[in-house]
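The primary structure of each chain is shown beneath.
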Amino acid sequence: MAIAVPESVGGQATIEQQVDGFMMRVAAQSPGETEFHQAVHEVVESVMPLVQSKKAYRDAKVLDRMVVPENVILFRVVWTDDAGQVQVNRGYRIRMSTVIGPNKGGLRFHPSVTLGLLKFLAFEQVFKNSLTTLPLGGGKGGSDFDPKGRSDSEVMRFCQSFMTELYRYIGPEIDVPAGDIGVGGREIGFLFGQYRRLTHRFNGALTGKNAIWGGSNLRPEATGYGSVYFASDMLSTRGESPKGKIAIVSGSGNVAQYTVEKLTTLGAKVVTMSDSDGTIMDSEGITAEKLAWVMELKNVRRGRIREYADHFKGAKYLAGKRPWGVPCDLAFPSATQNEIDEDSARLLVKNGCFCVSEGANMPSRPEAVDVFLNAKILYGPGKAANAGGVAVSGLEMNQNAGCMRRSRQDVDQQLCTIMHSIHENCVKYGQENGFVNYVRGANCAGFVKVADAMVHQGYM
Ligand code: NDP
Ligand code: 2IT
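Residues numbered from 1 in each chain as written. Chains lettered and ligands numbered in written order. Predicted model: local features only at pLDDT ≥ 70, side-chain atom pairs only at ≥ 80, totals over all residues. Heavy atoms only, no water.

Draft legend 1. Examining the nonpolar core more closely. In this structure, Phe 230, Leu 263, Met 273 and Ile 422 are the most contacted members of the largest nonpolar core, which totals 56 residues. Top contributing element to this core by residue count: helix H8 (residues 219-236), with eight residues. Excluding its chain neighbours within four sequence positions, the residues that come into contact with Leu 263 are Val 228, Pro 242, Ala 247, Val 249, Ala 268, Val 270, Leu 330 and Phe 332. Formed by 40 residues, the second largest nonpolar core is a distinct cluster that contains Val 26, Val 113, Cys 444 and Ala 453. (Core = buried A, V, L, I, M, F, W, Y, C linked by side-chain atoms within 4.5 Å. Buried < 20%, exposed > 50% of the residue type's maximum accessible area, 1.4 Å probe, protein only. Helix = DSSP H or I, 4+ residues; strand = E, 2+ residues; numbered from the N terminus. Contact = heavy atoms within 4.5 Å.)

Draft legend 2. Seen up close, the site of ligand 2. Around ligand 2 lies a shell of 14 residues, among which Lys 104, Lys 128, Asp 180, Arg 219 and Ser 393 are the nearest. Measuring from a nitrogen atom of ligand 2, one finds a backbone N or O atom of Gly 179 at 3.0 Å. Contact with the protein chains covers 94% of the free accessible surface of ligand 2, which is 290 Å². Where the shell around ligand 2 is concerned, the elements lending two or more residues are strand E3 (103-109), helix H5 (115-131) and helix H15 (387-401). Of the residues contributing to the shell around ligand 2, the split by class is two nonpolar, seven polar and five charged. (Near = heavy atom within 4 Å. Polar contact = N/O pair within 3.5 Å; in protein donor to acceptor, adjacent residues only side chain to side chain. Areas by Shrake-Rupley, 256 points an atom, 1.4 Å probe, with all protein chains shown as cover. Nonpolar A, V, L, I, M, F, W, Y, C, P; charged D, E, K, R; others polar.)

Draft legend 3. Region of the structure containing the packing of helix H1 (residues 15-29) against helix H2 (residues 34-53). Contact pair H1 / H2: the axes reach a minimum separation of 9 Å and the direction vectors enclose 140°. Taken together, the axes of H1 and H2 lie oblique to each other. The handedness of the crossing between H1 and H2 comes out as right-handed. Every residue of H2 that contacts H1 at Ile 15, Gln 18, Val 19, Phe 22, Met 23, Val 26 and Ala 27 is listed here: Phe 36, His 37, Val 40, His 41, Val 44, Glu 45, Met 48, Pro 49 and Gln 52. Residue composition of the contact of H1 with H2, grouped by class: 11 nonpolar, four polar and one charged. (Axes fitted to C-alpha atoms, helices over the stretch in contact; angles between N-to-C directions. Parallel < 35°, antiparallel > 145°, perpendicular 65-115°, else oblique. Left-handed = near helix turned anticlockwise from the far one by under 90°.)

Draft legend 4. Highlighting the sheet that holds strand E11 (residues 355-357). Taken in spatial order, the seven strands of this open sheet run E9-E8-E7-E6-E10-E11-E12, and their pairing is mixed. Pairing within the sheet leaves two strands with one partner each, and these edge strands are strand E9 (316-319) and strand E12 (378-380). Neighbour-to-neighbour, the strand axes of this sheet turn through a mean angle of 15°, independent of strand direction. Here strand E6 (residues 246-249) pairs with strand E10 (residues 330-332) via three bridges, running parallel. Paired with Ile 248 across the strands is Ala 331, a residue of E10. Against the sheet, helix H9 (residues 254-265) touches E6, strand E7 (269-275) and E10, its axis set at about 175° to E7. (Pairing = 2+ DSSP bridges.)

And the structure:
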């Protein structure tokens, strides 16, 4: 049956009607891509008043253009497993926007990866990258390949096959992938090796490289550290700091690990980490020594977080549970999208949590976001709070282009400066009678730069 879809969002309609009309069209154009619709809805709700107030944005149809990728690459990845069996996966790269710089964004290897999931991530990335203050466009890619339980040789063969197609589409001035879920230092190494072999070039076509072959100091730490710096900035608006606070963290991968590290250094006590099977709760706190054990468990032995509770006797393992029921002051969702639903958000607020900083991309469902905003707690959405990772990727590109290397202190200083600037921009655009709505702030601040660049560069 044909769907009646409004052609335009102009006229006398209210902002809400305009948002609904726009979303009907997006849903009709991209059926079934629920995470993409969710991400678009959140941005459109924030920016529609800006669009309606500026004729140049309406005339140039900036919003209609932003929800259609510039280009999508979908390819077959064939490889053989250790048993000699042929395996077939799907590979993707979504080139969402190049209006303020080359496409930039991570690669995700996870069985849940689909075109729609990557479109949500690529869409978010455009605004996040705009917020970093650096000249970075937006993109995202990945595969439904599941690295869990695979040997290093299987991961290498998969990465080589993946890059054998992708290499034609990337490059330092074109599109620069990096890591995300399931893609860390090991995978970037295999991907870069194959890129170099196929192109006969050593350049900055990927970020997140090892520091001994072109990577930036502090890139592994950047997302987690940045999320804590952003939380500190939010806390400082209420005369508070992480020191002495109880924090919960979800996930136990790259972002979670360095979030725990920075929080602990700043004097907070972190009492949880998790993976897709369950959560560990350690009421004595995950100290630097315990975190070093977790890093060895996850990054070297590639084990499961439940082993923490066997090793550290005071800790409990909550099988099948997420951390949100554990009382805390600060929460750092750092695992995956939609990991906080409405009930979890209510529980967090009820138990006294007053600051949420999102290391993950879109970890809170829209109803959970409403709970945080209505409770007027400090809520930093992913596209602002986790922008430190891509920001240091931007610095890595810059170091590669200039054949130079910045010190750890220098990169940390720049990361702090960038996170402060993102925070300031969110405050500038998100003020609501003394309360800062960081969702609106991040969406509007990220949007304006991209929309202005689209107007300047003509219709394309
Ligand atoms: P990792 O692969 O290193 O770690 C992911 C962690 O999240 C693991 O503990 C994993 O558990 C858990 N997880 C993944 N999927 C699920 C799921 N469906 N349900 C429950 N837990 C899950 O990834 P990163 O740490 O790099 O990424 C974490 C989040 O941060 C993602 O949302 C990513 O998009 C975002 N992000 C990452 C950046 C980066 O620089 N790496 C930058 C900005 C954002 P398990 O082992 O069981 O799968
Ligand atoms: O979601 C993200 O910002 C990332 N996965 C990092 C992207 C990057 O290019 O460093």
